[in-house]
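Each chain, written out:
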Amino acid sequence: MRRVIAATLLLAAAGCSTAPAEPATDSTADPSKISWGPCTDIQRPDGEPPAKQDASVRCGKLAVPLDYAKPDGEKIDLALIKLPATGKEKKLGSVVFNFGGPGASGVDTLDQAAKALTVLRARYDLVSFDPRGVERSSGVRCGDGAEMDRFTSLDTLPPNETTHKALEAANKQFADLCQRESGKILPYIGTANASRDMDRIRAALGEAKLNYVGMSYGTQLGGVYATQFPKNVGRMVLDAPLDPTVTFEQRTIAQTRGFQKAYESFLRSCVKNTCDLGKDQAAADANVGRLMNQLTTKPLQVNGRELTQGLAATGVAAALYSELTWPFLEQALSEALQGRGEALMYLADSYTGRAQDGTYSTQMTSFPAITCVDSAERPDRAALRRTEAAALKISPLFGSEGSGGLCRVWPAKGSDEARHVDATGSAPILVVGGKGDPATPYEWAPKLTAQLKTATLVTYEGEGHGAYLSGSKCIQGLVDSFLIDGKVPSKGASCPAA
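The following refers to the structure shown.

Right, let's get into unusual backbone geometry. In this structure, Pro102 follows Gly101 across a cis peptide bond, with omega equal to 0°. Here Pro102 lies in the loop between strand 4 (94-98) and helix 1 (106-113). Between Leu157 and Pro158 the backbone carries a cis peptide bond, its omega angle lying at -5°. Of note, the phi angle at Ser216 is positive, near 60°, even though the residue is not glycine.

Once that is clear, we can look at the environment of Gln255. For Gln255, the position within the fold is in helix 7 (residues 248-272). For Gln255, a relative accessible area of 1% puts it in the buried group. When the C-alpha positions of Gln255 and Ser35 are compared, they lie 40 Å apart, and in sequence the two are 220 residues distant. A distance of 2.8 Å separates the side chain of Gln255 from the backbone oxygen of Ala439, its partner in a polar contact.

The next subject is empty space enclosed by the protein. This structure, assessed with the given rule, holds three cavities of 30 Å³ or more. Estimates place the volume of the largest cavity at around 120 Å³. Only helix 6 (217-228) and helix 7 provide two or more residues apiece to the lining of the largest cavity. For the lining of the largest cavity, a count of residues per class yields seven nonpolar, three polar and three charged. There is about 90 Å³ of room inside the second largest cavity. In this structure, the second largest cavity is lined by His164, Leu167, Glu168, Asn171, Arg381, Leu384, Arg385, Glu401, Gly405, Arg408 and Val409. Of all elements in the fold, only helix 4 (161-182) and helix 13 (381-394) reach the threshold of two or more residues within the lining of the second largest cavity.

This part is about the packing of helix 10 (residues 326-337) against helix 11 (residues 342-352). Each pair of packed helices gets described by two things: the angle between the helix axes and the distance between those axes. Running from N to C, helix 10 and helix 11 cross one another at 130°; their axes reach a closest spacing of 7 Å. Our classification of the angle between helix 10 and helix 11 gives oblique. Only Ala343, Leu344, Tyr346 and Leu347 of helix 11 make contact with helix 10, whose side of the interface consists of Phe328, Leu329, Ala332, Leu333, Glu335 and Ala336. Classifying every residue of the contact of helix 10 with helix 11 gives nine nonpolar, no polar and one charged.

Conventions adopted
Residues numbered from 1 in each chain as written. Predicted model: local features only at pLDDT ≥ 70, side-chain atom pairs only at ≥ 80, totals over all residues. Heavy atoms only, no water. Helix = DSSP H or I, 4+ residues; strand = E, 2+ residues; numbered from the N terminus. Buried < 20%, exposed > 50% of the residue type's maximum accessible area, 1.4 Å probe, protein only. Polar contact = N/O pair within 3.5 Å; in protein donor to acceptor, adjacent residues only side chain to side chain. 1 Å grid on protein atoms, 1.4 Å probe; cavity = no way out; pocket = protein on both sides within 12 Å on 5 of 7 lines; lining within 4 Å. Points joined across faces, edges and corners; volume = space filled by probe spheres on them. Nonpolar A, V, L, I, M, F, W, Y, C, P; charged D, E, K, R; others polar. Axes fitted to C-alpha atoms, helices over the stretch in contact; angles between N-to-C directions. Parallel < 35°, antiparallel > 145°, perpendicular 65-115°, else oblique. Contact = heavy atoms within 4.5 Å.

So this is what it looks like as structure tokens:
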């Protein structure tokens with residue numbers, strides 16, 4: 001899930017910048033086939049094209065109903081990508097990926113992840129897609145770059161009436177912009193319909209069963225698919241799992257605790273050696289807290305922009321998803337303490353999907369569109385203040401009112417259909433949960449496993465969001481063995497930190 005600052009949301013996924021998406025239209029694609037061709041608009045997270053594009057990679061479109069209650073009515077096109085199998089052994093079909101969000105571009109992310117998936121690609125075609133409402137698949141838009149800049153830079157501190165009024169006004173303005181620019185598709189965004197889209201993708205790929213790897217939010221999408229289409233489940237892996245039953249308040253509290261735990265682990269790691277942030281953990285934490293408070297009244301100037309407290313907190317959260325980025329976080333915070341905010345701004349921009357030219361991917365807009373439609377919950381002000389107070393007790397840095405503030409004013413109705421999963425009748429499902437995951441806390445892993453009824457849980461003892469691509473050879477070996485050979489790990493299986 002990813003942290004949307006103005007809406008004070010926590011979510012964790014990889015954000016990717018891509019070209020603006022077209023609104024829902026009468027599709028020209030064959031409704032039962034994927035029209036494959038060369039990839040022409042793949043982009044890296046900074047909005048730039050890759051240095052070199054693999055010529056074998058194909059991109060395509062598949063037409064699906066805008067409204068599944070009217071299957072013969074208006075269509076939208078889903079954008080897909082395929083990395084053809086490379087090995088000489090017998091091909092096992094296709095594996096479909098969702099890398100999280102909700103709102104991450106599967107098209108861009110799969111292209112970026114190709115080198116980490118060479119073992120799997122030797123036997124499978126690797127496929128991903130931009131879910132409905134994301135990027136090229138009628139991506140939700142909510143204002144131009146300047147309006148997005150204002151929204152993402154809002155402060156969440158101090159937690160007083162002035163801040164609350166500013167956030168409430170910003171949420172309402174943002175929701176109104178979403179309705180104005182993407183109102184046609186907003187009622188049809190959501191996990192239940194994305195799951196139906198995945199079954200259309202399965203059929204169009206010519207697969208009798210869906211082999212699937214879902215990460216973070218992708219675990220909820222996979223769980224819903226296994227609930228809607230249990231007999232169509234092939235080999236399914238759900239990594240960094242969400243518990244779809246949690247309320248906005250429960251999610252906010254759990255994720256605040258997860259990010260605070262990861263932040264404290266970062267500080268401990270920092271001060272083991274010479275740490276620029278402070279001589280010990282308490283001093284380093286105090287220095288970071290002082291920086292955040294100073295930014296509420298005196299933002300740092302960065303190339304004509306302002307590094308606010310909201311953006312700085314986003315930058316810190318962005319770097320806590322993986323231990324690999326902890327050294328850069330130390331550098332970024334150290335520079336900010338000296339009055340230079342470029343590195344923290346870079347981290348924040350990578351998180352919000354802001355490209356160098358000031359345009360944004362749909363990560364920050366697709367996320368609330370999907371999240372708010374996936375729940376009928378619409379908390380009142382009292383509930384939001386209660387959530388914020390509880391979260392701030394856990395973490396002054398990450399505590400917030402959560403996603404309920406924006407969903408409270410969201411223009412499309414929500415449904416709880418995607419909050420209930422039960423895969424009874426499906427093939428075995430593999431769930432992978434990490435003990436040090438800041439964004440999808442480990443406590444959610446056994447809960448999702450139990451709800452699915454047909455799942456086996458593997459525990460990763462290390463830090464970071466997601467285990468399969470963490471560098472753990474143990475986890476990668478178990479997952480690849482399951483996907484390639486169908487071998488289900490033993491009950492209680494675990495892997496040490498990488």
